[in-house]
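The residues making up each chain are set out below.
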Amino acid sequence: MSPRAIPAGPIVAPSILSADFARFDRELAIIDPRSDWAHCDVMDNHFVPNLTFGPLIVGAARKLTEAFLDVHLMIQHPERLLDAFGKAGADQLTIHVEAEHDTDVDSVLRAIRAAGMRAGLAIKPRTPLAAAEPHLDAIDLLLVMTVEPGFGGQAFMSDMVAKVREASQWRAARGAAWRLQVDGGIAPDTAKVCAAAGADVFVAGSAIFRAPRPIEALAALRQAVAGDS
Ligand code: DX5
Ligand code: ZN
């Protein structure tokens, strides 16, 4: 499998957590593979209290869309499932720095890359940015959570904006190329605030799939982060 091209500009990543799985194909169809990512929230009822889906559903998404599959692993011991998600067709796996791992976090990130995927690292709201610093050379994406992971539909934590700004400054200082993602409570207004702070990948679940007109809601988000609305 050749790696999917990554758009250079801002990316909106609709989170299928808020989609209607009884009409999964039609929900996925609103995602434009040329510009958007499909964000897949995997939860294990251990690292977070919620339980969602695993490689089986990621594999189903792979059959239904050409979009880049951005898989957010809110699970303990993600290293034990890397191959399964790779075979399912994931393009990127993001692990949490706070999760339990059999080995050190850097080794897991490198194993993701060795399996042909991009490697992301996520930090929860109460985790300082410093926890990610030792791993910045091993990542393709840093995810700054803007809600406590576990559920869609929560309110954006505006005190995370400073963390996004600091991460963006770190990236500039290092001349690094990793993407800076925000996830949780993202709608056009909060996405704009995060974009101004330096974020360039915007996960949104309820703001898209729970909107009366999801296609228009997705378009509004794209426009908000492009800075021309
Ligand atoms: C939360 C998940 C998010 C979730 C966001 O733990 O990581 O990706 O889908 O949902 P909204 O956009 O509704 O806050
Ligand atoms: Zn997520």
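Summarised in this report is the structure supplied together with it. (Residues numbered from 1 in each chain as written. Chains lettered and ligands numbered in written order. Predicted model: local features only at pLDDT ≥ 70, side-chain atom pairs only at ≥ 80, totals over all residues. Heavy atoms only, no water.)

Brief notes about the site of ligand 1
1) Next: What surrounds ligand 1 is a group of 20 residues, the closest being Asp-41, Gly-150, Asp-183, Gly-205 and Ser-206.
2) Next: Within the side chain of His-72, one N or O atom sits 3.3 Å away from an oxygen atom of ligand 1.
3) Next: The contact in question runs from an oxygen atom of ligand 1 to an N or O atom on the backbone of Gly-205, over 2.8 Å.
4) Next: For ligand 1, whose free accessible area comes to 380 Å², the fraction covered by protein is 100%.
5) Next: More than half of the atoms belonging to ligand 1 lie within 2 Å of the grid points that define the largest pocket.
6) Next: Looking at the shell around ligand 1, the elements that each hand over two or more residues are strand S2 (37-43), strand S3 (68-74) and strand S8 (201-204).
7) Next: With three residues, the top contributor of residues to the shell around ligand 1 is S2.
8) Next: Taken together, the residues that form the shell around ligand 1 break down as eight nonpolar, ten polar and two charged. (Near = heavy atom within 4 Å. Polar contact = N/O pair within 3.5 Å; in protein donor to acceptor, adjacent residues only side chain to side chain. Areas by Shrake-Rupley, 256 points an atom, 1.4 Å probe, with all protein chains shown as cover. 1 Å grid on protein atoms, 1.4 Å probe; cavity = no way out; pocket = protein on both sides within 12 Å on 5 of 7 lines; lining within 4 Å. Sits in = over half its atoms within 2 Å of the grid points. Helix = DSSP H or I, 4+ residues; strand = E, 2+ residues; numbered from the N terminus. Nonpolar A, V, L, I, M, F, W, Y, C, P; charged D, E, K, R; others polar.)

Quick word on the coordination of the zinc ion (ligand 2)
Put simply, a metal with four donors set out as a tetrahedron has ideal angles of 109.5 degrees, and one with six donors set out as an octahedron has ideal angles of 90 or 180 degrees.
1) Next: For the zinc ion (ligand 2), the protein coordination sphere consists of His-39 (NE2), Asp-41 (OD), His-72 (ND1) and Asp-183 (OD), at 2.0 to 2.3 Å.
2) Next: For the zinc ion (ligand 2), the six donor atoms in the first shell make angles of 70 to 172° at the metal, a pattern classed as octahedral.
3) Next: Along the chain, the residues donating to the zinc ion (ligand 2) fall in the pattern H-x1-D-x30-H-x110-D. With a gap of 33 residues between them, His-39 in strand S2 and His-72 in strand S3 connect regions that are remote in the sequence. (Donors = N, O, S within 2.8 Å, 3.2 Å for Na, K, Ca; no water. Tetrahedral: all angles 85-135°; square planar, octahedral: opposite > 155°, others 65-115°.)

Overview of the sheet that holds strand S5 (residues 118-123)
1) Next: Spatially, eight strands are ordered S1-S8-S7-S6-S5-S4-S3-S2 in an open sheet, and the strand pairing comes out parallel. The open sheet has two edge strands with one neighbour each: strand S1 (11-14) and S2. Across this sheet, the average inter-strand angle for adjacent strands is 25°, counted without regard to direction.
2) Next: Across four bridges, S1 lies against S8 in parallel orientation. Bridge pairing in S8 links Val-12 to Phe-202.
3) Next: Against the sheet, helix H4 (residues 105-114) contacts strand S4 (92-96) and S5, and its axis sits at roughly 145° relative to S5. (Pairing = 2+ DSSP bridges. Axes fitted to C-alpha atoms, helices over the stretch in contact; angles between N-to-C directions. Contact = heavy atoms within 4.5 Å.)

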